[in-house]
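Residue strings, one per chain:
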Amino acid sequence: QVQILESGGGLVQPGGSLSLSCTASGSIVLINSMAWFRQGPGKQRELVASITRGGDATYFLDAVKGRFIISRDNTKNSVFLQMSSVRPDDAAVYYCRANVRINTWTLPGDYWGQGTQVTVSS
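Residues numbered from 1 in each chain as written. Predicted model: local features only at pLDDT ≥ 70, side-chain atom pairs only at ≥ 80, totals over all residues. Heavy atoms only, no water.

Participant: How should the side chain of asparagine 99 be read in this particular structure?
Facilitator: Positionally, asparagine 99 belongs in strand S9 (residues 92-101). Those residues in contact with asparagine 99 that lie beyond four places of it in its chain are Leu30, Ile31, Asn32, Ser33, Pro108, Gly109 and Asp110. (Helix = DSSP H or I, 4+ residues; strand = E, 2+ residues; numbered from the N terminus. Contact = heavy atoms within 4.5 Å.)

This is how it looks when you write it as structure tokens:
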């Protein structure tokens with residue numbers, strides 16, 4: 001019913017920049033919050049950044065504050081993560097999560113993408 005597709009991952013040098021994109025499609029009435037998570041090798045999945053529907057409130061993991069920016073385009077059902085001053089410990093699979101209302105009679109639910117790999121190496 002709802003598909004979440006991430007893109008933009010790849011190889012980035014330490015200190016470099018990378019931008020991730022995520023687009024939701026399908027039976028969507030409204031998207032509430034959108035967020036990026038990541039999971040590094042041998043680590044638990046962690047919340048990196050989130051943004052409310054209106055963009056008026058954001059959250060950032062302490063480790064990425066001042067380096068990552070989250071934004072969204074509601075006209076495109078999309079959320080973006082701009083990564084700068086990337087560090088080796090940013091390497092992970094990055095997942096997009098969207099809280100989506102698919103109709104007017106059930107509660108919104110969380111939908112996840114398959115993830116996009118970010119590799120940090122010189």
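Participant: Would you take a moment to explain the pairing of strand S1 (residues 2-7) for this structure?
Facilitator: Two faces belong to every sheet, and in a regular strand the side chains alternate between them. Of the two faces of S1, only one is covered, namely that formed by Val2, Ile4 and Glu6; the face formed by Gln3, Leu5 and Ser7 stays uncovered. Across 6 bridges, S1 lies against strand S3 (residues 18-26) in antiparallel orientation. Bridging from a neighbouring strand, serine 7 pairs with serine 21 of S3. (Buried < 20%, exposed > 50% of the residue type's maximum accessible area, 1.4 Å probe, protein only. Pairing = 2+ DSSP bridges.)

Participant: Explain the sheet that holds S3 to me, please; I cannot follow it from the model alone.
Facilitator: Remark on secondary structure: sheet strands pair via backbone hydrogen bonds, oriented parallel or antiparallel. Taken together, the 4 strands give an open sheet; going across it, the order is S1-S3-S8-S7, and neighbouring strands pair in antiparallel fashion. In this open sheet, the two edge strands, each paired with only one partner strand, are S1 and strand S7 (68-73). When strand polarity is set aside, the average angle formed by the axes of neighbouring strands in this sheet is 15°. (Axes fitted to C-alpha atoms, helices over the stretch in contact; angles between N-to-C directions.)

Functional significance is not addressed by these values, which are geometric in nature.
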